[in-house]
Amino acid sequence: MKTLPTRTELSSLNDQQRKALLSEEKRMLVLAGAGSGKTKTLLNKINYLINDKDSKSILDITFTKNAANETEC
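Residues numbered from 1 in each chain as written. Predicted model: local features only at pLDDT ≥ 70, side-chain atom pairs only at ≥ 80, totals over all residues. Heavy atoms only, no water.

## Some details on the overall build of the protein
Part 1: Within the protein one finds three helices and zero strands.
Part 2: Going from N to C terminus, the protein has its helices and strands arranged as α-α-α.
Part 3: Relative to its 73 residues, the protein shows a buried fraction of 25%.
Part 4: At a minimum sequence separation of 6, the contacts of the protein that also span at least 24 residues come to 52%.
Part 5: Counting every atom, the protein has about 6000 Å² of accessible surface; 52% of that belongs to carbon and sulfur. (Helix = DSSP H or I, 4+ residues; strand = E, 2+ residues; numbered from the N terminus. Buried < 20%, exposed > 50% of the residue type's maximum accessible area, 1.4 Å probe, protein only. Contact = heavy atoms within 4.5 Å. Areas by Shrake-Rupley, 256 points an atom, 1.4 Å probe, with all protein chains shown as cover.)

Written out as structure tokens, the structure is:
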């Protein structure tokens, strides 16, 4: 996996989380167990798209209110 310079802090992510974050795919399925960092990865991905890719429109859908209210990256 090549490392690209970003403004988003990636050091708190493991290799698989970083791979998902840096992926250029428009759609992605992330399968992992509870507490593995899926929401953390998603929040960091959104931050990356806004700050590093200057994305203008992002759709983020969650299944629970808890995930929707989580704000810590």
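After that view, the rundown keeps rolling.
## Digging into helix H1 (residues 15–22)
In an α-helix, one turn spans 3.6 residues, which is why side chains three or four residues apart end up on the same side.
Part 1: Listing the buried residues of H1 in full gives Gln17, Arg18, Ala20, Leu21 and Leu22.
Part 2: Taking the backbone nitrogen of Gln16 as reference, a side-chain oxygen 3.0 Å away marks Asn14 as the first, capping residue of H1. (Polar contact = N/O pair within 3.5 Å; in protein donor to acceptor, adjacent residues only side chain to side chain.)

## Let's talk about the pattern of salt bridges
Part 1: One pass over the structure, following the stated rule, counts two salt bridges.
Part 2: Here Asp15 and Arg18 are joined by a salt bridge, their closest N and O atoms 3.0 Å apart. Note that Asp15 and Arg18 are positioned in helix H1 at a spacing of three residues, about one turn of the helix.
Part 3: Of the residues examined, Arg18 reaches a relative accessible area of 17% and is grouped as buried. (Salt bridge = Lys/Arg side-chain N within 4 Å of Asp/Glu carboxyl O.)

## Focus on the side chain of Thr8
Part 1: With respect to the helices and strands, the residue Thr8 is situated in the segment before H1.
Part 2: Judged by relative accessible area, Thr8 falls into the buried class, the value being 4%.
Part 3: There is a polar contact of 2.4 Å between the side chain of Thr8 and the side chain of Asp52.
Part 4: Among residues more than four places away in sequence, those in contact with Thr8 are Asn44, Asn47, Tyr48, Asn51 and Asp52.

## Structural notes on helix H2 (residues 38–51)
Part 1: Taking 1.5 Å of rise per residue, 14 residues should cover 20 Å, and H2 covers 20 Å from first to last C-alpha, within 8% of that figure.
Part 2: Within the sequence span of H2, burial applies to Thr41, Leu43, Asn44, Lys45, Ile46 and Tyr48.
Part 3: Looking at the buried side of H2, the elements it contacts are H1. (Expected span 1.5 Å × (residues − 1).)

## Regarding unusual backbone geometry
Part 1: The residue Asp54 is not glycine, and still its phi comes out positive at about 50 degrees.
Part 2: Within the secondary structure layout, Asp54 lies in the loop between H2 and helix H3 (65–69).
Part 3: With relative accessibility at 48%, the residue Asp54 sits in the partly exposed group.

Shape is all these values report; function is a separate question.
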